[in-house]
Structure formats: structure tokens, C-alpha cells
Amino acid sequence: MDIAIKEATKGMRKGEGGPFGAIIVKNGKIIACAHNTVLKSKDPTAHAEVNAIRKASKKLKRFDLSDCEIYTSCEPCPMCFSAIHWARIPKIYYAATISDAKKAGFNELEISSEKMKSEGKSKVQLIKVNSCSSCTAPFNEFVKKNGKRY
């Protein structure tokens with residue numbers, strides 16, 4: 001989780017996007033690491049989770065990531081949750097919540113991953129990492145940042 005949070009901070013400090021990071025792990029090894037690049041790419045779908053899925057799929061040469069897990073600095077938005085579901089990733093570990101992102105000023109849809117899972121009858125497991133002392137650190141830094149863009 002610390003790597004996903006560091007990736008979120010790195011991307012934000014570079015001005016490439018919001019403070020969101022994700023890693024995909026297969027058999028205990030990181031195969032993809034990404035952050036939000038919405039501002040850099042001018043692509044509203046370039047969220048950390050989607051970028052990580054794209055990298056992992058390219059590396060493994062397949063879209064089925066059912067033998068992988070994703071660690072993300074924030075609970076996935078509905079778009080990212082859907083991408084994770086479609087990639088067949090069975091477990092999501094996340095740090096901050098959608099409400100944490102909203103408090104930092106992000107235009108989040110107030111649909112939790114739990115609701116997406118329930119309504120969509122997804123088998124994806126959601127695991128909130130509560131022991132993370134720096135879960136909201138990227139948001140805290142972002143809120144204080146001069147010239148921030150959402």
C-alpha cells in the first residue's frame with residue numbers, strides 16, 4: 001500500500017493528475033505501478049487504476065488479470081471499480097475512501113465500491129486498509145498545494 005501512496009504523491013507533485021496511485025501484484029510481485037495522469041494526458045479516463053490495468057494487461061499480453069490483486073491509494077470510483085471488475089481482478093485493497101477524495105475537493109460520484117459490488121453482483125473482494133498511517137497524506141498535501149487543478 002505504501003508504494004501506491006508514494007506513486008499517488010509522485011504523480012501529484014509532477015502535476016500529472018490528482019493524488020491517486022495504484023499497483024497490480026501477481027504472485028507477490030509488482031507487475032504494474034501507475035498514478036493518475038488525467039492532466040498530463042488530457043484524458044478523463046486516465047485514473048491510476050485504469051493506467052495500472054493497462055500496464056499490467058500489456059505486460060501480461062492479456063486482459064484477464066484474475067491471478068492478480070490491485071492496491072490503490074483510494075477507494076475506486078465507479079469507472080475504476082468497473083474496469084477492475086471487467087479485468088477480473090478478484091481483490092481490491094484500498095487506503096482512503098471516496099468521501100476522503102470528496103472532502104479534498106474531487107468531483108466524486110457518491111457511489112461506494114460496496115454499492116457497485118452489491119448492485120452489480122460483482123464477486124470482487126473489497127479490503128479497506130485501516131492500519132495505513134498515511135492513507136490520506138496525498139489528499140492532505142494536495143489540499144495545501146498552490147495552483148492545484150482538479
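Residues numbered from 1 in each chain as written. Predicted model: local features only at pLDDT ≥ 70, side-chain atom pairs only at ≥ 80, totals over all residues. Heavy atoms only, no water.

1. Remarks on helix α7 (residues 137–144)
Here comes step 1: Among all positions in α7, only Pro138, Phe139 and Phe142 are buried. Down the axis of α7, the buried side of the element spans an arc of 95 degrees, and every buried residue falls inside it.
Here comes step 2: Buried positions along α7 lie against α1 (2–13), β3 (68–74), β4 (91–96) and α5 (98–103). (Buried < 20%, exposed > 50% of the residue type's maximum accessible area, 1.4 Å probe, protein only. Helix = DSSP H or I, 4+ residues; strand = E, 2+ residues; numbered from the N terminus. Arc of directions from axis to C-beta. Contact = heavy atoms within 4.5 Å.)

2. Focus on the pairing of β4
Residues in a regular strand project their side chains so that they alternate between the two faces of the sheet.
Here comes step 1: Along β4, five of the six residues are buried, which leaves the element largely enclosed by surrounding structure.
Here comes step 2: Alignment of β3 against β4, held across five bridges, turns out to be parallel. Within β4, the position partnered with Ile70 by the bridge is Ile92.
Here comes step 3: Taken together, β3, helix α4 (residues 78–86) and β4 constitute a β-α-β crossover, and its handedness is right-handed. (Pairing = 2+ DSSP bridges. Right-handed = clockwise from strand over helix to strand, strands pointing away.)

3. What to know about the layout of surface pockets
Here comes step 1: In this structure, the largest pocket occupies an estimated 410 Å³ of space.
Here comes step 2: Residue lining of the largest pocket: 23 residues in total, with Phe20, Asn36, His47, Phe106 and Glu108 positioned closest to the centre.
Here comes step 3: Looking at the lining of the largest pocket, the elements with two or more residues in it are α2 (38–41), α3 (48–60) and α4.
Here comes step 4: Class assignment of the residues belonging to the lining of the largest pocket gives a composition of 14 nonpolar, five polar and four charged. (1 Å grid on protein atoms, 1.4 Å probe; cavity = no way out; pocket = protein on both sides within 12 Å on 5 of 7 lines; lining within 4 Å. Points joined across faces, edges and corners; volume = space filled by probe spheres on them. Nonpolar A, V, L, I, M, F, W, Y, C, P; charged D, E, K, R; others polar.)

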